[in-house]
Amino acid sequence: LGLAIVKRSADLLEHSLSVRSLRGKGSCFSIKVPVKAMNFDPSAKPFADKPKGINFNGLKALCVDNDEQILIGMKNLLSQWQVDVHVCNSLQQVKQLDQLESIDVMLVDHHLSDTENGFDVINYVQKKHNCLIILVTADKSDGLQEKASQQDIPILYKPVKSLKLCTLLKNQLH
């Protein structure tokens, strides 16, 4: 995880953040979380908040993120809302996507790799197709907010809350 996500998680949980670092080897950030016994019902169905009366049936979405787990989570969430979801982990994969012109909404992570970011994907897609684009990031820097604002791109901050995503989609698409 990125440091911004780890720091925000630590703050939300009200737990301390620690770091171990070795020059030339890297750094490890950790949060100490107490263990608590919980009852788990394996037959329970996943729940995704969505206001009543909202229908995303037929909506086509593209999620772009270099984190496979985030792609799986976004695909599962959006699929529960009857959204047809395509996932890509890089600009290269987006360029190979045959269905790009049919996409209604794209959710793109800002930090994709050392050599590309979400705006690289956004600029490519905007040249090919007009759709709603949402930038997903844990970065709350003024510079990023300004850049997104200049291009009229809404930002969702990680961790993405399903109700915030649903409300943003509803407000932007209806």
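My aim in this report is to walk through the structure given alongside it, one point at a time. (Residues numbered from 1 in each chain as written. Predicted model: local features only at pLDDT ≥ 70, side-chain atom pairs only at ≥ 80, totals over all residues. Heavy atoms only, no water.)

## What about the sheet that holds strand S5 (residues 105–109)?
Sheet architecture is open: five strands sit in the order S4-S3-S5-S6-S7, paired in parallel fashion. Sheet topology places strand S4 (84–88) and strand S7 (155–157) at the edges, where each strand pairs with a single neighbour. With direction set aside, neighbouring strand axes in the sheet form an average angle of 20 degrees. Pairing geometry for S5 and strand S6 (residues 132–137), over five bridges, is parallel. Following the sheet pairing, aspartate 109 is matched in S6 by valine 136. On top of the sheet, helix H4 (residues 118–128) reaches strand S3 (60–64), S5 and S6; it is set at about 155 degrees to S5, its chief contact. Sheet contacts for helix H6 (residues 162–173): S5, S6 and S7; angle to S6, the most-contacted strand, approximately 155 degrees. (Pairing = 2+ DSSP bridges. Helix = DSSP H or I, 4+ residues; strand = E, 2+ residues; numbered from the N terminus. Axes fitted to C-alpha atoms, helices over the stretch in contact; angles between N-to-C directions. Contact = heavy atoms within 4.5 Å.)

## Section: the pattern of salt bridges
If you walk through the whole model with that rule in mind, you get two salt bridges. The salt bridge partner of lysine 158 is aspartate 65, with a shortest N-O separation of 3.3 Å. Of this pair, lysine 158 sits in the loop between S7 and H6 while aspartate 65 sits in the loop between S3 and helix H2 (68–80), and the two are 93 residues apart along the sequence. Neither residue differs from the other here; lysine 158 and aspartate 65 are each classed as buried. Taken together, the shared-partner salt bridges in this structure form one network comprising Asp65, Asp109 and Lys158. (Salt bridge = Lys/Arg side-chain N within 4 Å of Asp/Glu carboxyl O. Buried < 20%, exposed > 50% of the residue type's maximum accessible area, 1.4 Å probe, protein only.)

That's the geometry; what it means functionally is another story.
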